[in-house]
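If you want the building blocks of each chain, they are given just below.
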Amino acid sequence: MSVSPSASASTPAAVPNPGEQTDPQKKQLILDLIKVSGTQDTMSQMFNEIVAQAPADKATSLRSVLNVDEVFTRLIPIYDKYFTAQELRELIGFYETPAGRKL
């Protein structure tokens, strides 16, 4: 007796959305840190420059790949893993100081 491949293959589990397991308050702290540190502006500027310098026939596909919001969504679990909410608050506080803005 043989088993058909479709009967023995398990269906793949749904891939969770990155950051979906992160506490909403901590997620907001992570996004605030990304913004206040200048990462959001810098990355947006870099992506825009890359698209602007690309050949016209590649610009549309590059825009879809170089999506700042998607990158940040994927960064949330990494920040969540390595930083506590208190550490995020402290980092945000630092970046709001003159030395932090200068950095």
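Preceding this paragraph is the structure being described.
Not measured: the values here are computed from a predicted model.

Quick notes on the overall build of the protein
And step 1. Helix and strand content of the protein: seven helices and zero strands.
And step 2. The 103 residues of the protein split such that 19% are buried.
And step 3. A total accessible area of about 7,800 Å² is found for the protein, and carbon and sulfur atoms account for 56% of it.

Side note on the environment of Leu33
And step 1. Here Leu33 shows up in helix α2 (residues 24-36).
And step 2. Separated by 56 residues in the primary sequence, Leu33 and Arg89 place their C-alpha atoms 8.1 Å from one another.
And step 3. Every residue in contact with Leu33, bar those within four places of it in the chain, is listed here: Tyr79, Leu88, Leu91, Ile92 and Tyr95.

What about the packing of aromatic side chains?
And step 1. Inspection of every chain in the model, using the stated rule, returns two aromatic pairs.
And step 2. Judged by centre distance (5.3 Å) and plane angle (70°), the ring pair of Phe94 and Tyr95 falls under edge-to-face.
And step 3. Here Tyr95 falls in the buried class, since its relative accessible area comes to 18%.

What to know about the nonpolar core
And step 1. Ile30, Leu33, Tyr79 and Leu88 are the most contacted members of the largest nonpolar core, which has 13 residues in total.
And step 2. Those elements that place two or more of their residues in this core are α2, α3 (39-53), α5 (68-82) and α6 (85-95).
And step 3. Once you skip the residues sitting within four places of it in the chain, Tyr79 turns out to touch Ile30, Leu33, Ile34 and Leu88.

Re the environment of Leu75
And step 1. With respect to the helices and strands, Leu75 occurs in helix α5.
And step 2. A C-alpha to C-alpha distance of 9.5 Å links Leu75 and Leu31, two positions 44 residues apart in sequence.

Observations regarding the packing of α2 against α6
And step 1. Contact geometry for α2 and α6: axes closest at 9 Å, N-to-C directions at 25°. It follows from the interaxial angle that α2 and α6 lie roughly parallel. By crossing handedness, the relation of α2 to α6 is classed as left-handed. Mapping the contact onto sequence places Lys26, Leu29, Ile30, Asp32, Leu33 and Val36 in α2 and Ala85, Leu88, Arg89, Leu91, Ile92 and Tyr95 in α6.
And step 2. Looking at the contact of α2 with α6 residue by residue, the class counts come to nine nonpolar, no polar and three charged.

What about the side chain of Thr22?
And step 1. Here Thr22 lies in the loop between α1 (5-8) and α2.
And step 2. A distance of 3.2 Å separates a polar atom in the side chain of Thr22 from a polar atom in the side chain of Asp80.
And step 3. Leave out the neighbours within four places in its chain, and Thr22 touches Lys27, Ile30, Ile76 and Asp80.

Rules used in this analysis
- Residues numbered from 1 in each chain as written.
- Predicted model: local features only at pLDDT ≥ 70, side-chain atom pairs only at ≥ 80, totals over all residues.
- Heavy atoms only, no water.
- Helix = DSSP H or I, 4+ residues; strand = E, 2+ residues; numbered from the N terminus.
- Buried < 20%, exposed > 50% of the residue type's maximum accessible area, 1.4 Å probe, protein only.
- Areas by Shrake-Rupley, 256 points an atom, 1.4 Å probe, with all protein chains shown as cover.
- Contact = heavy atoms within 4.5 Å.
- Phe/Tyr/Trp six-rings, centres within 6.5 Å; stacked < 30°, edge-to-face > 60°.
- Core = buried A, V, L, I, M, F, W, Y, C linked by side-chain atoms within 4.5 Å.
- Axes fitted to C-alpha atoms, helices over the stretch in contact; angles between N-to-C directions.
- Parallel < 35°, antiparallel > 145°, perpendicular 65-115°, else oblique.
- Left-handed = near helix turned anticlockwise from the far one by under 90°.
- Nonpolar A, V, L, I, M, F, W, Y, C, P; charged D, E, K, R; others polar.
- Polar contact = N/O pair within 3.5 Å; in protein donor to acceptor, adjacent residues only side chain to side chain.

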